[in-house]
Amino acid sequence: MTKDELIIARIEDKIDQCRDGWYVTSTGFLDSHEQALVRSAVMHAAGVRTLMHGGYDGAERRMLVCIPAELPLSDEEATAELISVLRVKKPPISRNLSHRDYLGSILGLGIERRLIGDILVRDDGADILILPEAADFLLREYHQAGRTEVKTEEVPVRDVIIPEMRCEMIRDTVSSVRLDSVISSAFRISRSNAAEAIRKGLVSLDHAECLKTDIKVEEGAILTLKGKGKAVLEEIGSESKKKRIWIRIKRYI
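Here's what I pulled together on the structure shown here. (Residues numbered from 1 in each chain as written. Predicted model: local features only at pLDDT ≥ 70, side-chain atom pairs only at ≥ 80, totals over all residues. Heavy atoms only, no water.)

**Observations concerning the overall build of the chain**
Each helix and strand in the chain was counted, giving seven helices and 15 strands. Relative to its length of 253 residues, the chain is compact, with a C-alpha radius of gyration of 20 Å against a globular reference of 18 Å. For the C-alpha atoms alone, the extent of the chain along its principal axes is close to 60 × 55 × 35 Å. Within the span of the chain, comprising 253 residues, buried residues form 46% of the whole. Taking all contacts inside the chain whose residues are at least 6 apart in sequence as the whole, residues at least 24 apart take part in 60%. Within the structure as shown, the chain displays about 13800 Å² of accessible surface, and the carbon and sulfur contribution to it stands at 49%. (Helix = DSSP H or I, 4+ residues; strand = E, 2+ residues; numbered from the N terminus. Rg over C-alpha atoms; globule rule 2.2 N^0.38 Å. Buried < 20%, exposed > 50% of the residue type's maximum accessible area, 1.4 Å probe, protein only. Contact = heavy atoms within 4.5 Å. Areas by Shrake-Rupley, 256 points an atom, 1.4 Å probe, with all protein chains shown as cover.)

Laid out in structure tokens, this is it:
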């Protein structure tokens, strides 16, 4: 069994548990590739409604939540206790810590990646979305990020602090709004490099891995290129005299 087949089997098991046991089930946090596998696994899931949940709007790492179709629960009620937040505070005079500092130090404690969602970094620390089963261990053992001593506390996911993101506006023209063209504009790389990144699974479209270079990108689509960041196709304009299409992109930096 391949890795992808194993992931799909685990997803299908969660769906079966939900339908047969008539209770809410959920996976761990999934990356964009795993979220793409979810789509095919839930396509024919009878008797179950599903949603993707990452703790806040716009989360990149999200879990699949399965809810019995006839169970009278709202999405908010079904997901209320599925995610906790580990709030990490660092000394004011310490160096700035990166996403890699926080993640590397947590994984160094032996924590599985599936237990960790998005890491929202601020100047004074970070909010780390986690599965509740990891909370006690991290509160007890997680005292250092990189070489910096940190303090931790658990807070409800409703209190998560989403840092303000800096962005730049990009106006450009493309021959078409296919994915490789828009990625090329958004991240200032050549179209051939954009196409290669897509084929390698480095590009996500609306939080799901996309391997099709020629798929049409809709206005409002969220684009992610691993190692380069995130962007939103905010506007698709009219065609120029040279038969090119005006686009406006917000890129987060």
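Moving on from the coordinates now.
**Regarding the pattern of salt bridges**
With the rule as written, the count across this model stands at 19 salt bridges. Put simply, glutamate 141 and arginine 140 hold a salt bridge, and the shortest N to O gap is 3.4 Å. On the accessibility criterion, glutamate 141 (36% relative accessible area) is partly exposed. Bridged by salt links that share partners, the residues Arg87, Arg122, Asp124 and Asp127 form one connected network. (Salt bridge = Lys/Arg side-chain N within 4 Å of Asp/Glu carboxyl O.)

**Here we look at the sheet that holds strand S4 (residues 84–89)**
Strands sit in the order S5-S6-S4-S9 across an open sheet of four strands; the sheet is antiparallel. Each edge of the open sheet carries a strand with a single partner, namely strand S5 (116–122) and strand S9 (151–156). Strand-to-strand twist in this sheet, taken as the mean axis angle between neighbours without regard to direction, amounts to 20 degrees. Packed onto the sheet, helix H4 (residues 99–107) meets S4, S5 and strand S6 (125–130) and runs at close to 140 degrees relative to S5. (Pairing = 2+ DSSP bridges. Axes fitted to C-alpha atoms, helices over the stretch in contact; angles between N-to-C directions.)

**Side note on unusual backbone geometry**
Notably, arginine 188 is not glycine yet its phi reads approximately 55 degrees, a positive angle. Here arginine 188 shows up in the loop between helix H6 (179–187) and helix H7 (191–199). By relative accessible area, which is 53% here, arginine 188 ends up exposed. Here aspartate 206, not a glycine, exhibits a phi torsion of approximately 55 degrees, which is positive. Positionally, aspartate 206 belongs in the loop between strand S11 (203–205) and strand S12 (208–209).

**Details of the environment of arginine 244**
Inspection of the secondary structure assignment puts arginine 244 in the loop between strand S14 (229–239) and strand S15 (245–252). What makes arginine 244 partly exposed here is its relative accessible area of 33%. The contact partners of arginine 244, leaving out residues within four places of it in the chain, are Thr173, Val174, Ser175, Ser238 and Glu239.

**A few points about the sheet that holds S12**
With antiparallel pairing, the six strands of this open sheet are ordered in space as S10-S15-S14-S13-S11-S12. Since the sheet does not close on itself, it has two edges, and those belong to strand S10 (167–174) and S12, each with one partner. Sheet analysis places S10 next to S15, joined by eight bridges and oriented antiparallel. Paired with isoleucine 170 across the two strands is isoleucine 249, which belongs to S15.

**Describing H4**
Looking at H4, one finds that the buried residues are Asp101, Tyr102, Leu103, Ser105 and Ile106. The secondary structure elements touched by the buried residues of H4 are S4, S5, S6, helix H5 (135–141) and strand S7 (144–145).

**Description of the packing of H6 against H7**
Close contact between H6 and H7 brings their axes to 8 Å; oriented N to C, the two are set at 115 degrees. Taken together, H6 and H7 sit at an angle that is classed as roughly perpendicular. Crossing handedness for the pair H6 and H7: right-handed. Contacts between H6 and H7 involve Leu179, Asp180, Ser181, Ile183 and Ser184 on the former and, on the latter, Arg191, Ala194, Ala195 and Ile198. The residue makeup of the contact of H6 with H7, split by class, is five nonpolar, two polar and two charged. (Parallel < 35°, antiparallel > 145°, perpendicular 65-115°, else oblique. Left-handed = near helix turned anticlockwise from the far one by under 90°. Nonpolar A, V, L, I, M, F, W, Y, C, P; charged D, E, K, R; others polar.)

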